[in-house]
Amino acid sequence: MQVNAINSFSNVNFEGRRKEKKAEKKNSEIQQTHPSKGYMSKLSGPVAAALFMIPVATLPTSCDKIEVSASAGVELPYPPCPPQEDKEPAIDWAVQDSLLTWGNDYLAVPIEGVDGDKTNKALRYAEGKRQWEFDRPEYIELNLPLSNENETRYDHVIANSIKNDIRITKVNPGEVTIVKPDGTEIDNIGGLMFNEDGFKTFAHSNGKDSIYVYPKATSGEYNGKYVQKGVVGRGYLDKDKYGENVLLVGFLSPGTPEYPPTEDHYIEVAGQTITKDEIADLLNDEATKSNEE
């Protein structure tokens, strides 16, 4: 929520010289009521000056009246506390719809809570194990406090020892240029941008069963463009032995005319959703705790 900073004192009337004695008397009374050890005496000059440029929303949350003595004898009562309003979840629902569609529909991974309806639901958590790295576990978890309407944030944890920050944004057709394996360049495809600790990767689906992944090139012939690295598809391993699984084609090696691209799997894959109402409840619980503290 945006608020306007305090930038004027148009409602304050200063006394002229003809009422100088009355003002001096008032100042004396204020000094007695608010001695030098009061509220303002604890603030240095620059901090005190900055106080009046702080948005109202960032001031102390107490509703008690605070009287501030200034050299002109001005008393500024603290504004009354407005009724607390429930916070609307700040989530990019278009991004969430894509994530749930890709995982649940295209990759055929059952995500708990989808139940055929993805409306106002977000991917709260997803986990799996890298079969090609001795079943090394990893997961992503929605970071609600850092997410907003334009950027979705996830914590990405690998083997409980590496923690990265993923920022996901929607990409419209025409905003990026991708390079296909045969060198063809295309700029009319939309999808999602994954920014993981500064490393950007664009991804889009084929609308049925595969996700195409394009890391951003930072040098060479295609510098600044997104070059296809691999394809994510439906796993083919025995679910009774490996659980739900997802296939990665060409990620470890893109292949050559003589050798096919590598095929590897995430195994024991699982996911969970959270609803808009549940998100609102969590945010409001946090806001209430903050106010109480």
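Report on the accompanying structure. (Residues numbered from 1 in each chain as written. Predicted model: local features only at pLDDT ≥ 70, side-chain atom pairs only at ≥ 80, totals over all residues. Heavy atoms only, no water.)

### A few points about the nonpolar core
- Counting residues in hydrophobic clusters, the biggest one holds 29 residues, and the most contacted among them are Tyr154, Ile168, Ile211, Val232 and Ile279.
- Going through the elements one at a time, helix H3 (93-106), strand S2 (121-130), strand S5 (162-171), strand S10 (211-215), strand S13 (246-249), strand S14 (263-275) and helix H5 (276-292) are the ones with two or more residues in this core.
- With five residues, H3 is the single largest residue contributor to this core.
- Excluding its chain neighbours within four sequence positions, the residues that come into contact with isoleucine 211 are Trp102, Tyr106, Leu107, Ala203, His204, Ser205, Gly230, Val231 and Val232. (Core = buried A, V, L, I, M, F, W, Y, C linked by side-chain atoms within 4.5 Å. Buried < 20%, exposed > 50% of the residue type's maximum accessible area, 1.4 Å probe, protein only. Helix = DSSP H or I, 4+ residues; strand = E, 2+ residues; numbered from the N terminus. Contact = heavy atoms within 4.5 Å.)

### Observations regarding H5
- For H5, built from 17 residues, the straight-helix expectation of 24 Å at 1.5 Å per residue is met to within 8% by its first-to-last C-alpha distance of 24 Å.
- Buried residues of H5: Ile279, Ala280, Leu283, Asn284 and Ala287, and no others. Buried residues of H5 fall within an arc of 125 degrees about the axis and therefore sit on the same side. (Expected span 1.5 Å × (residues − 1). Arc of directions from axis to C-beta.)

### Some remarks on the pairing of S5
- With seven bridges connecting them, strand S4 (residues 152-158) and S5 associate as antiparallel partners. Across the sheet, residue histidine 156 finds its bridge partner in S5, namely asparagine 164.
- Taking the residues between adjacent antiparallel strands as the criterion, S4 and S5 are bridged by three residues, where alanine 159 takes a positive phi near 55 degrees.
- Of the pairings in the sheet, the one linking S5 to strand S8 (residues 191-196) comprises six bridges and is antiparallel in character. The residue of S8 that forms the bridge with isoleucine 166 is glutamate 196. (Pairing = 2+ DSSP bridges.)

### Remarks on the sheet that holds strand S7 (residues 185-186)
- Read from one edge to the other, the open sheet built from three strands follows the order S7-S6-S11, with strand pairing classed as mixed. Bordering the open sheet on either side are S7 and strand S11 (226-227), each of which pairs with just one other strand.

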